[in-house]
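For reference, the chains in residue letters:
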Amino acid sequence: MPHSSGPMNDAIDLTVLHATHAALRRELAQLDRVTTAADRDPVHVLATAAGWTLLKKALRAHHEAEDSALWPSLRQNLVGRPKDLARLEVLEAEHAAMTPVVHAIDRLLTEPGADSMRLGQLTDALTRGVAGHLQHEEDAAFPLIRRTLTAQQWAHFSQVHAHHIGRDAPLLLPWLLDGADQQTSARLLAPLPPKTYVACTTQWIPAYRALLRWSPGSGA
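Computed from a predicted structure; not experimentally measured.

Quick notes on the rules
Residues numbered from 1 in each chain as written. Predicted model: local features only at pLDDT ≥ 70, side-chain atom pairs only at ≥ 80, totals over all residues. Heavy atoms only, no water. Helix = DSSP H or I, 4+ residues; strand = E, 2+ residues; numbered from the N terminus. Rg over C-alpha atoms; globule rule 2.2 N^0.38 Å. Buried < 20%, exposed > 50% of the residue type's maximum accessible area, 1.4 Å probe, protein only. Contact = heavy atoms within 4.5 Å. Lys, Arg positive; Asp, Glu negative; His and termini not counted. Charge placed at Lys NZ, Arg CZ, Asp CG, Glu CD. Phe/Tyr/Trp six-rings, centres within 6.5 Å; stacked < 30°, edge-to-face > 60°. Lys NZ or Arg CZ within 6 Å of the ring centre and 35° of its normal. Salt bridge = Lys/Arg side-chain N within 4 Å of Asp/Glu carboxyl O. Axes fitted to C-alpha atoms, helices over the stretch in contact; angles between N-to-C directions. Parallel < 35°, antiparallel > 145°, perpendicular 65-115°, else oblique. Nonpolar A, V, L, I, M, F, W, Y, C, P; charged D, E, K, R; others polar. 1 Å grid on protein atoms, 1.4 Å probe; cavity = no way out; pocket = protein on both sides within 12 Å on 5 of 7 lines; lining within 4 Å. Points joined across faces, edges and corners; volume = space filled by probe spheres on them. pLDDT = per-residue confidence, 0-100.

Some points on the overall build of the chain
Each helix and strand in the chain was counted, giving nine helices and zero strands. Put simply, the chain runs from its N terminus to its C terminus through helices and strands in the order α-α-α-α-α-α-α-α-α. The globule rule puts the C-alpha radius of gyration for 220 residues at 17 Å, and the 18 Å found for the chain is close to it. Viewed in the frame of its principal axes, the chain has a C-alpha envelope of about 55 × 40 × 25 Å. Counting the 220 residues in the chain, one finds 44% classified as buried. A fraction of 82% describes how many contacts in the chain between residues 6 or more apart in sequence connect residues 24 or more apart. Averaging the coordinates of the 21 positive side-chain charges in the chain and doing the same for the 23 negative ones gives two points 3 Å apart.

Structure (structure tokens):
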């Protein structure tokens, strides 16, 4: 088994993880803008905008894939390395801590006369929690992935991640590609079956670009 001080595994391409993190950071910035804007009711915006729904779907898909197919492989490979296992446990705990905040936001959005200040507190907690976790994952997990995962384990995770994204592919694929550079876009599109590729480039991406996802009513 390779150790954390060993060479990186060139068979592992973290493009999808980096793209997902970039997309989540982009949407967290949008969430912050929406909930701090003085000219709009943030409760109404979040309750009716497609952006909040998309952010939740992407976050859930990403975390479920990691929880089911990435952390278990890492844990298996890190037996006998308590410090690295402790880092992994912290990452898993961070995932678990985000879910109640998302649920609290959704509950608040259904309440008559919901308090926009309380909403701001919750969305700020979510933004800080997710942003901190993404950075922590990049600093602690990415090197472990590159140094300890086998190509087969990484391929399995990639398949599981694609499956979770695939459940909402017409929305989440364009969402993932939004703002990506040419090289990243090419790597994300390359594994798609021909029919999916055509649908994505000719239908899904134009529809996504026309969607004002953080505007009130866009999620209707």
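Some points on the packing of aromatic side chains
Following the criterion strictly, the structure yields one aromatic pair and no others. Aromatic side chains W154 and F157 sit 5.2 Å apart centroid to centroid with 45° between the ring planes, which places their arrangement in the tilted category. In this pair, W154 and F157 are both assigned in helix α6 (residues 151-166), three residues apart and thus about one turn of the helix distant. The lysine or arginine in question, R26, covers the ring of W175, its NZ or CZ lying 5.1 Å from the ring centre.

Some points on the pattern of salt bridges
Within the structure shown, the criterion is met by 13 salt bridges. A salt bridge links E92 to R75, with the shortest nitrogen-to-oxygen separation between them at 2.4 Å. Of the two residues, E92 sits in helix α4 (residues 82-109) while R75 sits in helix α3 (residues 50-77), which places them 17 residues apart along the sequence. Note on R75: relative accessible area 34%, which makes it partly exposed. As a salt-bridge pair, R81 and D84 come within 2.9 Å of each other at their nearest N and O atoms. For R81, a relative accessible area of 12% corresponds to the buried category. Connected through salt bridges with shared partners, the residues R26, E27, D178 and R213 form a single ionic network.

A look at the packing of helix α7 (residues 169-177) against helix α9 (residues 194-210)
Packed helices, taken two at a time, are described by their axes: the angle between them and the distance between them. One can describe the packing of α7 onto α9 by two numbers: an axis separation of 9 Å at closest approach and a directional angle of 80°. With respect to their mutual orientation, α7 and α9 come out roughly perpendicular. Contacts between α7 and α9 pair A169, P170, L171, L173, P174, W175 and L177 from the former with C200, W204, I205 and Y208 from the latter. Among the residues making up the contact of α7 with α9, the classes are represented as 11 nonpolar, no polar and no charged.

What about the layout of surface pockets?
Taken as a whole, the largest pocket encloses approximately 550 Å³ of empty space. Forming the boundary of the largest pocket are 20 residues, of which V16, S158, A162, L188 and P191 lie nearest the centre. A total of eight residues in the lining of the largest pocket trace back to one element, the largest contributor, which is α6. Partitioning the lining of the largest pocket into residue classes produces 12 nonpolar, six polar and two charged. Around the second largest pocket, the lining residues are K56, L59, R60, H63, E64, D67, H95, A96, M98, T99, V102 and H103. Residue composition of the lining of the second largest pocket, grouped by class: four nonpolar, four polar and four charged.

A few points about empty space enclosed by the protein
According to the stated counting rule, one finds two cavities of 30 Å³ or more in the structure shown. Approximately 50 Å³ is the volume found for the largest cavity. Lining the largest cavity are T20, A58, H161, I165, L172, W175 and L176. If you tally residues by element for the lining of the largest cavity, the top one is α7, at three residues. Across the lining of the largest cavity, the residue classes tally to five nonpolar, two polar and no charged.

Observations concerning the confidence of the model for the chain
Here the chain averages 92 in pLDDT, while 95% of its residues score no lower than 70. Every residue in residues 1-6 is under pLDDT 50, and counting partners more than four places away or in other chains gives 13 contacts.

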